[in-house]
Amino acid sequence: MPYTAADQRYTDVAYRRCGRSGIDLPPISLGLWQNFGGTDVFETGRAILRRAFDRGVNHFDLANNYGPPYGSAEENFGRWMDLDFRPYRDELLISSKAGWDMWPGPYGNFGSRKYLVASLDQSLKRMGLDYVDIFYHHRPDPRTPLEETMGALDHIVRSGKALYVGVSSYSPELTRRAHSILTELGTPLLIHQPSYSMLNRWTEDGLLDTLTELGVGCIAFSPLAQGLLSNKYLNGVPEDSRAARNGSFSSRLVTPDNIQRIQALNALAQRRGQSLAQMAIAWVLRNERVTSALIGARTVEQLDSSLDALANTSFSDDELKEVDRYATEGGIDLWRQQSAIQPS
């Protein structure tokens with residue numbers, strides 16, 4: 001059936017300003033890291049995107065190697081644009097990233113000018129776009145000078161292939177350096193995309209303060225700790241879970257300590273009238289310095305449940321104290337080594 005977006009899609013969404021910029025983001029954005037690739041059901045992904053936009057989610061986040069296979073999420077997204085969203089392009093904020101492995105050889109990874117420019121050209125072709133709204137360097141590169149990586153982002157903006165640029169998994173110190181270089185070049189650093197959840201709180205150790213000082217937005221990915229902060233793992237690892245597949249999220253991370261943490265947090269969520277996943281999203285968004293929480297979705301029903309977290313994002317002092325008692329480091333930060341990198 002032809003798609004027409006809901007007339008009331010913007011009515012009940014309290015958009016948040018992204019740092020010192022002219023961009024507003026929905027409090028919850030949709031990421032296509034999982035469940036939207038070539039091995040997934042095409043029409044399910046299409047239905048999720050339709051529902052998200054109907055509920056005011058106008059920011060879709062991708063990367064060059066999202067799939068599997070690599071590139072297939074962007075290829076599917078290009079088809080969904082043609083089928084449903086091309087008339088709404090100017091209402092959408094579309095982002096992509098490069099920095100992890102994409103093709104063989106020395107120029108298909110990390111942060112060289114050659115890799116970043118070539119990768120974005122490929123992403124635009126896959127999605128059928130003239131430009132993306134945000135292009136990120138996906139992770140620090142230990143060998144490429146930061147000046148080259150930031151110079152590539154500046155070039156990309158000046159070429160018209162991206163309107164804004166961001167970084168992901170950069171430490172506070174490296175973020176400050178990146179911001180300084182980009183400022184000198186005349187291209188603002190719009191946004192940082194760090195991992196952040198109740199079991200992965202590294203952003204609170206200086207990064208959020210740095211972003212606030214610099215006027216850079218923050219979009220937190222993996223607020224559900226890749227699903228660990230959901231009802232799915234309360235009693236261990238189900239056979240149909242992501243952890244059981246031992247891909248990006250290993251069953252080794254579902255430790256007895258983490259199960260105890262999420263069981264205690266789930267009890268609090270139930271008293272708040274929320275699911276554990278809804279409370280986890282609300283907790284990330286309790287902090288006004290977080291512009292948006294970046295979620296995934298496997299079904300339309302799961303998407304709706306996550307968006308319903310916005311019905312209650314306030315916490316009492318007692319609730320926050322109880323969260324702090326159990327929301328401690330769970331050893332699930334798969335990007336910790338990346339954020340410690342300082343390029344030469």
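As shown above, the structure is provided for reference.
Residues numbered from 1 in each chain as written. Predicted model: local features only at pLDDT ≥ 70, side-chain atom pairs only at ≥ 80, totals over all residues. Heavy atoms only, no water.

K.L.:
How should the packing of aromatic side chains be read in this particular structure?
P.N.:
The geometry of an aromatic ring pair comes down to the distance between the two centres and the angle between the two planes. Evaluated as defined, the whole model comprises 13 aromatic pairs. Considering the side-chain rings of Phe60 and Phe77, the 5.9 Å spacing of their centres and the 75 degrees angle between planes classify their relative orientation as edge-to-face. In this pair, Phe60 sits in strand E4 (residues 59–61) while Phe77 sits in helix H2 (residues 72–85), placing the two residues 17 residues apart along the sequence. Note on accessibility: Phe60 and Phe77 belong to one class, buried. Just above the ring of Tyr107 sits the side chain of Lys114; from NZ or CZ to the centre is 5.6 Å. Lying over the aromatic face of Phe315, Arg272 brings its terminal NZ or CZ to 3.8 Å of the ring centre. (Phe/Tyr/Trp six-rings, centres within 6.5 Å; stacked < 30°, edge-to-face > 60°. Helix = DSSP H or I, 4+ residues; strand = E, 2+ residues; numbered from the N terminus. Buried < 20%, exposed > 50% of the residue type's maximum accessible area, 1.4 Å probe, protein only. Lys NZ or Arg CZ within 6 Å of the ring centre and 35° of its normal.)

K.L.:
What should I look at first to understand the pattern of salt bridges in this one?
P.N.:
When charged atoms on two side chains of opposite charge get close, those side chains can pair. Applying the stated criterion across every chain, the model contains 22 salt bridges. Glu74 serves as the salt-bridge partner of Arg126, at 2.9 Å between the closest nitrogen and oxygen. Here Arg126 is found in helix H3 (residues 113–127), whereas its partner Glu74 is found in helix H2, with 52 residues between them in sequence. Each member of the pair, Arg126 as well as Glu74, carries the same accessibility label: buried. If you follow the salt bridges from partner to partner, you end up with Glu43, Arg46, Arg50 and Asp84 in one network. (Salt bridge = Lys/Arg side-chain N within 4 Å of Asp/Glu carboxyl O.)

K.L.:
Help me out: how do you make sense of the sheet that holds strand E6 (residues 132–137) in this one?
P.N.:
Pairing between the strands of a sheet comes from backbone hydrogen bonds, and it takes one of two forms, parallel or antiparallel. Spatially, the eight strands close up into a barrel ordered E3-E4-E5-E6-E7-E8-E9-E10, and their pairing is parallel. Adjacent strand axes in the sheet meet at a mean angle of 30 degrees, parallel and antiparallel pairs treated alike. When E6 meets strand E7 (residues 162–168), the two strands line up parallel, connected through five bridges. Considered in E7, the bridge of Phe135 is made with Val165. Sitting on the sheet, helix H4 (residues 146–158) touches E6 and E7, and the angle it makes with E7 is about 155 degrees. (Pairing = 2+ DSSP bridges. Axes fitted to C-alpha atoms, helices over the stretch in contact; angles between N-to-C directions. Contact = heavy atoms within 4.5 Å.)

K.L.:
Before we go on, may I ask you to explain the nonpolar core in this structure?
P.N.:
Within soluble globular proteins, side chains that are nonpolar tend to cluster in buried spots. Within the largest apolar cluster, 94 residues are counted, with the highest numbers of intra-cluster contacts made by Leu30, Phe60, Phe77 and Met198. Sequence-distant contacts of Phe77, that is, excluding residues within four places in its chain, are made with Leu32, Leu49, Phe60, Leu62, Ile94 and Met127. Core analysis: the next-biggest nonpolar cluster, separate from the first, contains 12 residues, Ile23, Leu93, Phe221 and Leu294 among them. (Core = buried A, V, L, I, M, F, W, Y, C linked by side-chain atoms within 4.5 Å.)

K.L.:
Help me out: how do you make sense of the environment of Pro256 in this one?
P.N.:
When you line up the elements, Pro256 lands in helix H8 (residues 256–271). By relative accessible area, which is 63% here, Pro256 ends up exposed. Residues Pro256 and Gly236, 20 residues apart in the sequence, show an inter-C-alpha distance of 8.4 Å.

K.L.:
Even after reading the chapter, I still don't get the packing of H4 against helix H5 (residues 172–185), so can you show me in this structure?
P.N.:
Working note: a packed helix pair is described by the angle between its axes plus the distance between those axes. Between H4 and H5, whose axes approach to 9 Å, the crossing angle comes to 50 degrees. In terms of axis orientation, H4 runs oblique to H5. You can see that H4 and H5 cross each other, and the crossing is right-handed. Where H4 approaches H5, its residues Leu146, Glu147, Met150, Gly151, Leu153, Asp154 and Arg158 are matched on the opposing element by Leu174, Arg177, Ala178, Ile181, Leu182 and Leu185. (Parallel < 35°, antiparallel > 145°, perpendicular 65-115°, else oblique. Left-handed = near helix turned anticlockwise from the far one by under 90°.)

Coordinates in, geometry out; function isn't part of it.
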